[in-house]
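Descriptive analysis of the structure
Here is how the chains run, residue by residue.
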Amino acid sequence: MELLNYTITDEKGRLDKVLTEAFKQFSRSQIQAWLKSERVTVNNEIARANYKVKVDDKIVIDRPEPQVIEAIAQDIPLDIVYEDDQVMVINKPQGMVVHPSMGHPDGTLVNALMNHSDKLSTINDVIRPGIVHRIDKDTSGLLMVAKNDEAHLYLADQLKERKALRKYVALVHGVIPHEKGSINAPIGRSKENRQKQAVVKDGKPAITHFEVLERFEKFTLVECQLETGRTHQIRVHMDYIGFQIAGDPLYGPKKSLKGNGQFLHARTLGFEHPTSHELMTFESELPEIFVETLEELRKNID
């Protein structure tokens, strides 16, 4: 248990919003959970989320001990596109989380990888063995895995130097009028919603190139190529230009196409092999729900 103390000076408004701003190291949902479980007091009284703070209010959060997350091997099927003694290329399905976290302690790609091989890089922390880069839970497609630290550094350097090839296929709301475009807009954490990323002035550089593949009555199929790799980059950039990804529960509209998450698939992955230095390129087919949705959209314009 850890007691977090905070005294109101000139802040105004709801307690939950004030605490979210004061304790930026914690998520809004974590603050809300502590309030619901009566771990927050104001002037020694249990307080609710909608309490309106006053100057000199003394707030105490009874923070529980953080849960220790351990990555364990689990017998989970893997779609292995390529494997040798240095690297693996995995085709991740929608719905699978890449590595364990507080909300997803097991059932992740890492758990499956540990069951498949005892040779994985250790450069990242103990819950991310082998993971060089990640894709979102509800995004499907290809990602690279390193089987030793030397390979990890080599692959990570290609990502850093923008030498790796990463192309995604996305179905977005709206009809994009032009054939190609580039979005060069910095990305950082949203100041309105900590669960989201956003285009912000003090964000990290982010560049996405896109090309129209097919147009429908109310949607457009595009190919997006990442030049950088920020969290939620394609989702944020397409939202920024007004063409949100279909099915995206966080950045897209409430009324959208039904699927297993956002219609975003990491279709093409290319990199230079760590030891042979061969340029390797891999592609994966769109998920079945993606293909079926495109077929339905085509029927509406015939």
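Each remark here, short or long, concerns the structure printed above.
Scope of this entry: the structure provided in the associated data block. Remember, predicted model here, so these are calculated numbers, not experimental data.

Conventions and cut-offs
- Residues numbered from 1 in each chain as written.
- Predicted model: local features only at pLDDT ≥ 70, side-chain atom pairs only at ≥ 80, totals over all residues.
- Heavy atoms only, no water.
- Helix = DSSP H or I, 4+ residues; strand = E, 2+ residues; numbered from the N terminus.
- Contact = heavy atoms within 4.5 Å.
- Areas by Shrake-Rupley, 256 points an atom, 1.4 Å probe, with all protein chains shown as cover.
- Lys, Arg positive; Asp, Glu negative; His and termini not counted.
- Charge placed at Lys NZ, Arg CZ, Asp CG, Glu CD.
- Pairing = 2+ DSSP bridges.
- Buried < 20%, exposed > 50% of the residue type's maximum accessible area, 1.4 Å probe, protein only.
- Polar contact = N/O pair within 3.5 Å; in protein donor to acceptor, adjacent residues only side chain to side chain.
- Phe/Tyr/Trp six-rings, centres within 6.5 Å; stacked < 30°, edge-to-face > 60°.
- Salt bridge = Lys/Arg side-chain N within 4 Å of Asp/Glu carboxyl O.

Some thoughts on the overall build of the chain
Secondary structure assignment for the chain yields six helices and 15 strands. Expressed as lengths along the three principal axes of its C-alpha atoms, the size of the chain is roughly 65 × 50 × 35 Å. Pairs at least 24 residues apart make up 65% of the contacts formed inside the chain by residues separated by at least 6 positions. Here the chain has roughly 16,300 Å² of accessible surface; of this, 48% comes from carbon and sulfur atoms. Across the chain, the mean location of the 40 positive side-chain charges is 8 Å away from that of the 45 negative side-chain charges.

Topic: the pairing of strand β5 (residues 80–83)
Summarising the sheet, β5 and strand β6 (residues 87–92) pair through three bridges and their orientation is antiparallel. Bridged to Tyr82 within β6 is Val89. Here β5 hands over to β6 after three residues, the two strands then running antiparallel side by side.

Looking at the environment of Asn124
If you trace the backbone, Asn124 turns up in the loop between α3 (109–116) and β7 (140–146). With relative accessibility at 27%, the residue Asn124 sits in the partly exposed group. Filtering out sequence-adjacent residues up to four positions away, Asn124 remains in contact with Ile131 and His152.

Description of α3
Where α3 is concerned, the buried positions are Leu109, Val110, Asn111, Ala112 and Leu113. The inward-facing, buried residues of α3 abut β6 and β7. Capping the start of α3 is the job of one residue whose side-chain oxygen sits 3.3 Å from the backbone nitrogen of Val110: Thr108.

Quick notes on the sheet that holds strand β1 (residues 2–7)
Strand order in the open sheet formed by four strands is β1-β4-β2-β3, and the pairing between neighbours is antiparallel. Every interior strand has two partners, whereas the edge strands, β1 and β3 (45–46), have only one. Pairing of strand β2 (residues 40–42) with β3 involves two bridges; the strand directions are antiparallel. Bridge pairing in β3 links Val42 to Glu45.

Observations regarding the packing of aromatic side chains
To describe a pair of aromatic rings, one takes the distance between the centres and the angle between the planes. If you walk through the whole model with that rule in mind, you get four aromatic pairs. Three or more aromatic residues link up through ring pairs in this structure, and these residues are Tyr82, Phe271 and Phe282.

Quick look at unusual backbone geometry
Located in the positive-phi region is Asn44, a residue other than glycine, with phi close to 70 degrees. Mapping Asn44 onto the fold places it in the loop between β2 and β3. Positive phi outside glycine occurs at His277, with the angle close to 65 degrees. Residue placement: His277 occurs in the loop between β14 (264–272) and β15 (279–283).

Considering the pattern of salt bridges
Scanning all chains against the criterion turns up 14 salt bridges. The partner of Asp62 in a salt bridge is Arg39, with the nearest N and O atoms 3.5 Å apart. Here the residue Asp62 occupies a position in strand β4 (residues 58–63), and Arg39 occupies one in the loop between α2 (28–36) and β2, the gap between them amounting to 23 residues. The class for Asp62 is partly exposed, based on a relative accessible area of 22%. Arg215 is the salt-bridge partner of Glu179, the closest N and O atoms lying 3.0 Å from each other. Linking Glu179 in the loop between β8 (165–173) and β9 (180–184) with Arg215 in strand β12 (residues 207–215), this pair joins segments that are 36 residues apart in sequence. The class for Glu179 is partly exposed, based on a relative accessible area of 46%.

Shape is all these values report; function is a separate question.
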